[in-house]
Amino acid sequence: MRPTTGRTVTVAATQMACGWDRDANVNGVERLVRDAAARGAQIILPQELFETPYFCKDQKQELFALAHPVEDHPVIARMSALARELSVVIPTSFFERARNAYYNSLAMIDADGTVLGVYRKSHIPDGPGYQEKYYFNPGDTGFQVYKTRYAAIGCAICWDQWFPESARAMALKGAEILFYPTAIGSEPQDGALDSQAHWTRVMQGHAGANLMPLVASNRIGREDGETCGITFYGSSFIAGPTGELVAQADRDSETVLTASFDLDRIAAQRASWGIFRDRRPELYGPLLTLDGESPVRR
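As recorded in an unreviewed UniProt entry, the chain goes by N-carbamoylputrescine amidase and comes from Azospirillum himalayense. The Sequence similarities (unreviewed entry) field of the UniProt record for the chain holds the comment "Belongs to the carbon-nitrogen hydrolase superfamily."

Peer 1: What's the story with the UniProt feature "domain: CN hydrolase" (unreviewed entry) in the chain in this structure? I'm lost.
Peer 2: In the numbering adopted here, UniProt assigns the feature "domain: CN hydrolase" (unreviewed entry) to residues 9–263. End C-alpha to end C-alpha, residues 9–263 measures 7 Å, and it is 22% helix and 31% strand.

Peer 1: I would appreciate a short explanation of the sheet that holds strand E4 (residues 101–109) in the present structure.
Peer 2: The pairing of strands in a sheet happens through backbone hydrogen bonds and is either parallel or antiparallel. In space, the three strands of this open sheet follow the order E3-E4-E5, with antiparallel pairing throughout. Two strands in the sheet have a free side with no partner beyond their single neighbour: strand E3 (90–98) and strand E5 (115–120). Across the sheet, the axes of successive neighbouring strands diverge by a mean angle of 30 degrees, strand direction being ignored. Two elements, E4 and E5, share five bridges in a ladder whose sense is antiparallel. Across the sheet, residue Ala 107 finds its bridge partner in E5, namely Val 118.

Peer 1: Please clarify how the pattern of salt bridges should be interpreted in this entry.
Peer 2: Side chains that differ in charge, positive against negative, can pair when their charged atoms come close. Counting across every chain of the model gives 20 salt bridges. The partner of Arg 7 in a salt bridge is Glu 176, and the shortest N-O contact between them spans 2.2 Å. Taken together, the positions of Arg 7 in the segment before strand E1 (8–15) and Glu 176 in the loop between helix H3 (164–172) and strand E10 (177–181) put the pair 169 residues apart, joining distant regions of the chain. For Arg 7, a relative accessible area of 32% translates into the label partly exposed. Residue class for Glu 176 comes out buried when judged on its relative accessible area of 13%. Between Arg 7 and Asp 264 there is a salt bridge, with the nearest N and O atoms lying 3.2 Å from each other. Of this pair, Arg 7 sits in the segment before E1 while Asp 264 is found in helix H5 (residues 263–273), placing the two residues 257 residues apart along the sequence. Here the salt bridges do not stand alone but share partners, grouping Glu 30, Arg 34, Arg 78 and Glu 85 into one network.

Peer 1: Is there a simple way to think about the environment of Glu 176 in this case?
Peer 2: Sequence spacing of Glu 176 and Ile 266 is 90 residues, and the spatial spacing of their C-alpha atoms is 8.6 Å. Residues in contact with Glu 176, not counting those within four places in the same chain, are Arg 7, Ala 151, Ala 152, Met 212, Pro 213 and Leu 263.

Peer 1: For this particular structure, what's the right way to read the layout of surface pockets?
Peer 2: Leftover empty space is mapped by rolling, across the atoms, a probe with the size of a water molecule. Approximately 310 Å³ is the volume attributed to the largest pocket. Lining the largest pocket are Phe 143, Pro 164, Glu 165, Arg 168, Ala 169, Leu 172, Arg 279, Pro 281, Tyr 284, Leu 287 and Leu 288. In this structure, the second largest pocket occupies an estimated 240 Å³ of space. Residue lining of the second largest pocket: Pro 125, Asp 126, Gly 127, Tyr 130, Cys 158, Trp 159, Trp 162, Ala 183, Ile 184, Glu 187, Leu 193 and Ser 195, and that is the complete set. Taken together, the residues of the lining of the second largest pocket sort by class into eight nonpolar, two polar and two charged.

What counts, and where the lines are drawn
Residues numbered from 1 in each chain as written. Predicted model: local features only at pLDDT ≥ 70, side-chain atom pairs only at ≥ 80, totals over all residues. Heavy atoms only, no water. UniProt positions renumbered as here; feature names shortened; annotations may be inferred. Helix = DSSP H or I, 4+ residues; strand = E, 2+ residues; numbered from the N terminus. Pairing = 2+ DSSP bridges. Axes fitted to C-alpha atoms, helices over the stretch in contact; angles between N-to-C directions. Salt bridge = Lys/Arg side-chain N within 4 Å of Asp/Glu carboxyl O. Buried < 20%, exposed > 50% of the residue type's maximum accessible area, 1.4 Å probe, protein only. Contact = heavy atoms within 4.5 Å. 1 Å grid on protein atoms, 1.4 Å probe; cavity = no way out; pocket = protein on both sides within 12 Å on 5 of 7 lines; lining within 4 Å. Points joined across faces, edges and corners; volume = space filled by probe spheres on them. Nonpolar A, V, L, I, M, F, W, Y, C, P; charged D, E, K, R; others polar.

In structure tokens:
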């Protein structure tokens, strides 16, 4: 007797430009979420740090004032009310202050408006235009998987998406879909460098290697700081469980993308393919080191 399938979930990726009018930015995200929900989306991903421009282009002490604790963060409250009204899940990126620590964080807001937990970005970049180590402590939550109303989902943030270990950890913890809010674009030190295709392929690989759908939401538009500017390249996308591109936005248009997946069918495919059955964790010790050797070399 064949097992029954049919647990279909519709996901959405969004992208938009952001300015220094914080209310306008949050209103824009709400508009995109409502649009996605009207198209049947049940889990809707806004981009990274959408409340403001991507402020890590410059090191400015006064910008720490943008952070708020989870408990009274106005964006989390707004998205929680929206999730409850529309019965949708909204993984919400925000700048978190926890006493004297500051994090690039994500609140997992379930379809009843409940915050299921907070993930803090694990990998913190530091380069021209992307000076996040000035603002953010390395995340201390580990990789999280949340059992939302519609699916068990894992979310990591931007620079995390370049690390296959992040995706694998979430898959091993039971994720059925992976989500990555993002802010990435041009490289101020090299105008000829365009990472868009590389960025897409790396995450397609995460989807294919773990046999699960993946959703990535990026921002668009030109943002100029005091020391440099970045043109964000959008290209938000949804990949299927073999890494295939199901939908992808262009580089400069405000966009909502949706796609539907039968999670029971994908789970059966994942089991039958054997990539988790045939893993050899006892051989993966080098992954726990920086140089592939023992932590202390003598």
